[in-house]
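# Breakdown of the fold
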Amino acid sequence: MSYDTLTFIWFVLLGVLLCGYAILDGFDLGVGILHPFIAKGDRERRLVMNSIGPLWDGNEVWLVTFGGALFAAFPVAYATVFSSFYTAFFLLLTCLIGRAVSLEFRSKVQSPVWRKVWDGGFFLSSFTAAALLGVAGGNIMAGMELGPKYHYQGSLFSQIYWYPLLVGALTVSLFALHGAIYLYLKTEDELQARVRKAITPLFFLFASLYMIVTVVTWWHVPHATENIAANPLLWVVPALNALAVLNIPRAMYLGKPGYAFFSSSMVILALASLFSVAIFPNFMLSTIDPEYTVTLFNARSSQQTLLIMLIIAAIGMPCVISYTVIIYWIFRGKVKLDPHSY
Amino acid sequence: VDVEILSRIQFAGTIMFHYLFPPLSIGLGLQLFLCELAYVRTKNPAWEAAARFWTRVFAVNFALGVATGLVMEFEFGTNWAAYSRFVGDVFGSALAAEGIFAFFLESGFLAILVFGWDRVGPKMHLFSTLMVFLGSMFSAVWIVVANSWQQTPAGYHIVWQDVQGEMMPRAEITDFWAMVFNPSSVDRLTHTVIGALVLGAFFVASVSSFYLLRNRHQEVARRCLSIALPSALIFTLLAGVSGHDSATKLVETQPAKLAAMEAHFKTTAEPTGLYLFGWPDAKEETVHYGVQVPYMLSWMVYGDYTKPVPAMDKIPADERPSVWLPFQAFHLMVGMGTLMLVVASLSCWFWYRGSYEKRRWLLWLVVLMPLAAMTANQAGWVAAETGRQPWVVYPSVQDGVEMMGMRTADGLSESVTAQQVLSSIILFGIIYMLLFAVWVFVLNNKIQHGPETVEELAAHKRSLEKKSLPEAISQGGTSHGSMMDSEDSQ
């Protein structure tokens, strides 16, 4: 296999890991964002948290593995991206830790104050994590102030401006919608009815942000569409994306929430693919001088490492997918509280 | 204060905090598996009560291991960008293998282990417990391999790359298996895992002894002790053996580290002694208040008490680690190991004689032993990591060719400022202190509450059988809330 083929395969595989993370942890984060608004009373709050109880931990592993794979396949990108997003990244880590411990500790003590504090932590960390992921994506799309020899010259404040914030808002609304559909699948009765009522406004919020971000990306990030312009076949991606978006309300209307959840997963998949198509072949575009850009080719590992990693992935991923399926199967159906619940 | 010191403090702090949890997960995982295996074979409900109880403790600990481990996975990139570029080709693949082979296995089957008690059969549950334990072992394998490669690199070469006009070096894999089985990985992995198993065994022994002292849950406690005490003895013995193997190899692979750990400043023609304790002074190249066993280091390293061991003076001045910290950390580890060996031997002896429970002083000692085990695990890593400075990647010789290493100071992120690092240290300092308090609080809660009685367990099972399964589960949360502290029992 040629070096360039391997490089391309790894770019795609990283995309797969990122999609896996966004689809799976997306609904976890969404559930966290909706938690204070949807669930009334302690029992419902526990139901909402336990809907993701056995799953969130495995879902987060997709992000960890994405990090490890990026480190191995494109070490320069791993080093440059994470050190450039230093402060933002530590905030993200804070949120992910906060979310993990909120879930784990909330129901361990009976006091209402204790539970209220962790409920707040669960919402705040889920919301901020989703927003930060979007803000990072927006920055990567638009390009960053990368100087010579991968020295990033901006700061947290140059990363927070209207465009990444818009992408952050889009991400929050998308995950909230995705999480709401997931909750609809996992809940019953009153709680489910309340979730159902939230889905329509969430859909319209997401759909309008989706349109706004599409338009401003066209205008603000002209290079984002270059790849699509060069390969008209890639128009399939945005077309499928739009179809998947429209299919969410249709499936809900037809009373097929599973199908709606599939559609919202496809929306995430399509958006992540669009993102990958838009940035290809760059990991981090320098707005100072294109020569400083971190690309697939100056960031990649040696041919042998890429091949070894491919073998590792070929052995490991079928196992991962099989036990992910087994676990989702075992914990299928409506969420119930039992003595082992959070 | 400069970025290097701050970044090192940050890495040390976050990794040491993280390392409170994984060894307990590994060690407790084995004890949990053994309890459950006993249950599946004997069908005795006391074993099931034990397994269900340790699962709850395990879950709390595991969650914190995941949360703090997430930070580690990304900290190489955030704080050590130049290092990441230099080693990514080699180190990254071990880290990615850890994610794919270990983390998914652990976190997947953890769901069944923790939430699946009433959803899957006992054998499937036992299998899940085994998978979680294996996952945590695989995780240890890959991360210790990656770390060992930095200490004793193998299976790679240095390639110079043109980066915008400047030639920059990086390590690239030439032989994956030589990288995995580098000269120190098997020894260090064995020692690390055994250290974790010691902690797990003493943790179970400690909580069980505490119940005996309080006259609570005696049946479960005795059963757990019958597994935990012998395993504590076996693993502390093995820790000594594997530790000895690791240390003797240092004279070949990392003589500077050995010299630092033993505060061996000057090479002499006479055989080398071994300090039992002391206060090394690197400036005067001496050890104050030291008590030394003559010939002992020569004998331990070479099996020949006449052969002198090379000292720090053989190492170029700018390649020497500091001595005080590796020396004290190493001696602390050995001291704790010896203490644990004595306590484990005494406990097993009295257990065998049937008089363990009468010796309350011994029970109290065993209650305290997890602290000794944690201290030994932490101190061992402190010795290993400070003793390899100033290198983050050791220089080495591969097939007669000298390969450059990387100094810790050269591995930093170029674009990260001291202020950024300082604020993240403060942020994580606060978060970790809170987490620690909450962890202790919740763990204490679980332990005070203890395992459910055999009768409670039987009542719970009957209720599951009476109703259809999903209905029973939905009501289990309220009608059997008294079984677990998560509901109304507090």
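Residues numbered from 1 in each chain as written. Chains lettered and ligands numbered in written order. Predicted model: local features only at pLDDT ≥ 70, side-chain atom pairs only at ≥ 80, totals over all residues. Heavy atoms only, no water.

### Concerning the nonpolar core
Spelled out, the test is: Residues belong to a common nonpolar core when they are buried Ala, Val, Leu, Ile, Met, Phe, Trp, Tyr or Cys residues joined through side-chain atoms within 4.5 Å. Relative accessibility decides the category of a residue: with a 1.4 Å probe and only protein chains considered, values under 20% of the type maximum give buried, values over 50% give exposed, and everything between is partly exposed. Only runs of H or I of at least four residues qualify as helices and only runs of E of at least two qualify as strands under DSSP, and these elements are numbered from the N terminus. Whether two residues are in contact is decided by their heavy atoms: any pair within 4.5 Å suffices.
In terms of nonpolar packing, the biggest core is built from 275 residues, with Phe74(A), Phe283(A) and Trp54(B) touching the most fellow members. At 21 residues, helix H4 (residues 81–115) of chain B tops the list of elements feeding residues into this core. Setting aside residues no more than four positions away along its own chain, Trp54(B) makes contact with Leu28(B), Leu32(B), Cys35(B), Phe203(B), Val204(B), Val207(B), Ser208(B) and Cys224(B).

### A closer look at the interface of chain A and chain B
Convention followed: Once two parts are brought into contact, the accessible area they lose, counted with a 1.4 Å probe and summed over both, makes up the buried area. A carboxyl oxygen of Asp or Glu within 4 Å of a side-chain nitrogen of Lys or Arg is what we treat as a salt bridge.
Counting from both sides, the interface comprises 77 residues of chain A and, opposite them, 88 residues of chain B. Interface area for chain A against chain B, summed over the two sides, is near 7,300 Å², with a carbon-plus-sulfur share of 71%. Our enumeration of links across chain A and chain B arrives at one salt bridge. Those elements giving two or more residues to the side of chain A that touches chain B turn out to be helix H2 (41–51), helix H3 (56–73), helix H4 (75–84), helix H5 (86–105), helix H6 (112–142) and helix H14 (303–330) of chain A.

### Some points on the environment of Asp338(A)
Structurally, Asp338(A) can be placed in the segment after H14. In sequence terms Asp338(A) and Gly179(A) are 159 residues apart; their C-alpha atoms lie 22 Å from each other.

### Notes on unusual backbone geometry
For the bond running from Phe280(A) to Pro281(A), omega is 0°, close enough to zero to count as cis. Along the chain, Pro281(A) turns up in the loop between helix H12 (257–279) and strand E1 (282–284). One non-glycine residue, Gln164(B), lies in positive phi territory at about 45°. Within the secondary structure, Gln164(B) is located in the loop between strand E1 (156–163) and strand E2 (166–173). Even without being glycine, Glu285(B) reaches a positive phi, approximately 50°. In this structure, Glu285(B) sits in the loop between strand E3 (274–281) and strand E4 (286–293).

### Considering the confidence of the model for chain A
The condition that has to hold: Confidence of the predictor at the level of single residues is captured by pLDDT, which takes values from 0 to 100.
For chain A, mean pLDDT is 89; residues scoring 70 or higher make up 100% of the total. Across chain A, element-level confidence peaks in helix H8 (residues 162–186) of chain A with a mean pLDDT of 94 and bottoms out in helix H10 (residues 226–230) of chain A with 84.

### A few points about the state of the cysteines
Selection criterion: Two cysteine sulfurs form a disulfide in these notes if their separation is within 2.5 Å.
Taken as a whole and judged by the stated rule, the model has zero disulfides over all chains. In this structure Cys35(B) is not part of a disulfide, and its nearest cysteine sulfur, from Cys224(B), lies 4.2 Å away.

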